[in-house]
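Descriptive analysis of the structure
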Amino acid sequence: MAGLTRFIGRREYFGSILYDREKADYIPFDHDATEIFDLSEKKNPEQIFQALADRVRQKNFETFLQLCQSIDILDSKGRFNGTFIARDWSREGHLSAPLRVHFSCTKLCNFRCKHCFSSSGEAYSDELTTQEVKKLIDELANLGCFELSFGGGEPLLRPDLPSLITHANLRGVSIRISTNAAAATKEIVKSLKGLKIRSFKISMEGASEKVYDYVRGKSGSFRKTLRGIKNIKELGVPIYLQMVFMKPNASELPALIRLAEKIKAEKILLESVMPSGRAAQNPQLLLDVEEINRLWDAALKIQKNTHIRIEIPLYVPFRSGNNLLFEGFGCKCGTLVCHVDPRGTVAPTGFLKDILPSGSLREKSLKQIWDSGPSMAQFRHFEGNDQCKACNYFSSCRGGCRARALLLDNNINLPDGACALTHPVRV
């Protein structure tokens, strides 16, 4: 954070969004709040209220000031503690830029997992160069997108990763890494020391040696991964464990909890396999809607007996407050986040990168693709369906995961294929 403003804002069609570099989080504000920030540079609180008195109640105004001062957005004199990016903003009803970019920085991987959505293994011959990735990082910073997740393939196998993270640190872009940890040798981890990394998300598709090695398809993988986790812990960075549930590991949740407690992971992320990449060629791995929801329910019950936080990002119906940042039917893909593949192809989600690409960074800027890419536009203007629109959860869920609807039911406008409310589940 040295030399970087803690709060940096960008103007949006509804007002603005501030990014808190200390908390690594975005805070949305309406037009009135944004105007308060603007006016605070030249006016005191009393003068600001007089300028807004026709539409803001004094008690609400005072409460807002106190709240902003309590989290240091405003100083003791009511002046804005941040800065706004000086550029035009979107007036088209969608965010001017994503909140986070998921970047599969290489297809190279030390495993050949049957469920891999990106079919990783050998690297592409024409993956984005160091300079091309740094150009992307520069654009993210200039757009006010301060969250970049490195995935793969296996990102730790990319030789220039330390250089890329260093550049992101200088530009104030927060970095998270998704890894299998088996590639986290002492040498690789040493190259990351001193760099600012928000978290390591470690994929654990088995919490026992037998299941883990079966899923990875290579004997000794589990032990190698545990050694890698031990090495990563030397960095003092929060560790999350992620399990993608499928037929072979559906009984591994209790063991995963024990493992997380043993290595002192901060939380567990649970997902279910989708028929994308290699998983599409291995349908025997897939769980039906009943099996998926039974696992989610079991996880919620186990949460009561462990201090490890359990999150289910794609639990349906969605209850994410971030869904309020976009309108209509759809999910956060293409509205709040997007995916960039190793060769620079941008898509709303990595699960549909080959089916619904939106453009290439080698031909257009991320901003151009975000604003006018064909699949980006599609993800903001879904027709939807009557079942979801009539649901009590629609205002927060918006229909659930669009990739799962397309991959499981061959129709991107249908309800999420894992939704127990719209898909019959036996009691």
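One can find the structure itself at the top, above this paragraph.
Figured I'd write up the structure that's included with this text. (Residues numbered from 1 in each chain as written. Predicted model: local features only at pLDDT ≥ 70, side-chain atom pairs only at ≥ 80, totals over all residues. Heavy atoms only, no water.)

**Remarks on the overall build of the chain**
Within the chain one finds 15 helices and 14 strands. Radius of gyration (C-alpha) of the chain: 22 Å, near the 22 Å computed for a compact globule of 427 residues. Principal axes of the C-alpha set define a box for the chain whose edges measure 70 × 50 × 50 Å. For the chain, long-range pairs separated by at least 24 residues make up 67% of all intrachain contacts whose partners lie at least 6 apart in sequence. Per element, the accessible surface of the chain, about 19700 Å² overall, is 50% carbon and sulfur. Side-chain charges of the chain comprise 60 positive and 48 negative groups, with the mean position of each set lying 5 Å from the other. (Helix = DSSP H or I, 4+ residues; strand = E, 2+ residues; numbered from the N terminus. Rg over C-alpha atoms; globule rule 2.2 N^0.38 Å. Contact = heavy atoms within 4.5 Å. Areas by Shrake-Rupley, 256 points an atom, 1.4 Å probe, with all protein chains shown as cover. Lys, Arg positive; Asp, Glu negative; His and termini not counted. Charge placed at Lys NZ, Arg CZ, Asp CG, Glu CD.)

**Focus: the sheet that holds strand β8 (residues 199–203)**
Strand order in the open sheet formed by 10 strands is β11-β10-β9-β8-β7-β6-β5-β12-β13-β14, with mixed pairing between adjacent strands. Edge strands, defined here as strands with exactly one partner in the open sheet, are β11 (309–311) and β14 (359–360). Alignment of strand β6 (residues 147–151) against strand β7 (residues 174–179), held across 4 bridges, turns out to be parallel. Paired with Leu-148 across the strands is Ile-175, a residue of β7. Lying on the sheet, helix α10 (residues 289–303) is in contact with β9 (239–245), β10 (267–272) and β11; it crosses β10 at an angle near 165°. (Pairing = 2+ DSSP bridges. Axes fitted to C-alpha atoms, helices over the stretch in contact; angles between N-to-C directions.)

**Details of the nonpolar core**
If you look at the biggest cluster of nonpolar residues, it comprises 109 residues, and the most contacted ones within it are Phe-150, Leu-241 and Leu-270. Counting residues per element, this core draws most heavily on helix α9 (residues 253–263), which supplies 7 residues. If we skip the residues at most four places from it in the chain, Leu-270 touches Met-243, Phe-245, Leu-253, Leu-256, Trp-296, Ala-299, Ile-310, Glu-311, Ile-312 and Pro-313. Ranked by size, the runner-up nonpolar core spans 19 residues in total, among them Ile-36, Phe-64, Leu-74 and Phe-80. (Core = buried A, V, L, I, M, F, W, Y, C linked by side-chain atoms within 4.5 Å. Buried < 20%, exposed > 50% of the residue type's maximum accessible area, 1.4 Å probe, protein only.)

**Quick look at the packing of aromatic side chains**
The geometry of two aromatic rings is summed up by the distance between their centres and the angle between their planes. Here the structure, examined in full by the defined rule, presents 16 aromatic pairs. Here the aromatic cluster, defined as three or more aromatic residues joined through ring pairs, consists of Phe-29, Phe-37, Phe-64, Phe-80 and Phe-84. Its end group placed over the ring of Phe-146, Arg-21 keeps NZ or CZ at 4.9 Å from the ring centre. (Phe/Tyr/Trp six-rings, centres within 6.5 Å; stacked < 30°, edge-to-face > 60°. Lys NZ or Arg CZ within 6 Å of the ring centre and 35° of its normal.)

**Details of helix α3 (residues 58–70)**
Spanning 13 residues, α3 covers 18 Å between terminal C-alpha atoms, matching the ideal 18 Å at 1.5 Å per step. Of all the residues in α3, the buried ones are Phe-61, Phe-64, Leu-65 and Cys-68. The arc that holds the buried residues of α3, viewed along the axis, is 100°, so those residues lie on one side. Pointing more than 90 degrees away from the buried face of α3 are the exposed residues Lys-59, Gln-66, Leu-67 and Ser-70. Lining the buried residues of α3 we find β3 (25–30), α1 (31–39) and α2 (45–52). Looking one or two places after α3, you find Asp-72, whose phi comes out positive at around 70°. (Expected span 1.5 Å × (residues − 1). Arc of directions from axis to C-beta.)

**Points about the sheet that holds strand β1 (residues 7–12)**
Spatially, the 4 strands line up as an open sheet ordered β3-β2-β1-β4, and their pairing is mixed. Since the sheet does not close on itself, it has two edges, and those belong to β3 and β4 (83–84), each with one partner. Direction of pairing for strand β2 (residues 15–20) relative to β3: antiparallel, over a ladder of 6 bridges. Within β3, the residue paired with Asp-20 across the bridge is Asp-25. Packing against the sheet, α1 makes contact with β1, β2, β3 and β4, and its axis sits at approximately 100° to β3.

**Regarding the pattern of salt bridges**
Considering all chains together, one arrives at 25 salt bridges under this definition. With a closest N to O distance of 2.6 Å, Glu-12 and Arg-10 form a salt bridge. Of the two residues, Glu-12 and Arg-10, neither departs from the other in class, the shared state being buried. Here Arg-112 and Glu-122 are joined by a salt bridge, their closest N and O atoms 3.0 Å apart. Of the two residues, Arg-112 is situated in the loop between β5 (100–104) and α4 (130–143) and Glu-122 in the loop between β5 and α4; the sequence distance between them amounts to 10 residues. Among the residues examined, Arg-112 registers a relative accessible area of 40% and is labelled partly exposed. (Salt bridge = Lys/Arg side-chain N within 4 Å of Asp/Glu carboxyl O.)

**Notes on the pairing of β9**
The buried fraction of β9 amounts to 7 of the 7 residues, a majority that puts the element mostly inside the structure. Alternating positions in β9 separate into two faces, Ile-239, Leu-241, Met-243 and Phe-245 on one and Tyr-240, Gln-242 and Val-244 on the other, with burial throughout. By the bridge criterion, 4 bridges tie β8 to β9 in an arrangement that is parallel. Its bridge partner being in β9, Lys-201 is matched across the sheet by Tyr-240.

Just geometry here; none of it tells us what the structure is for.
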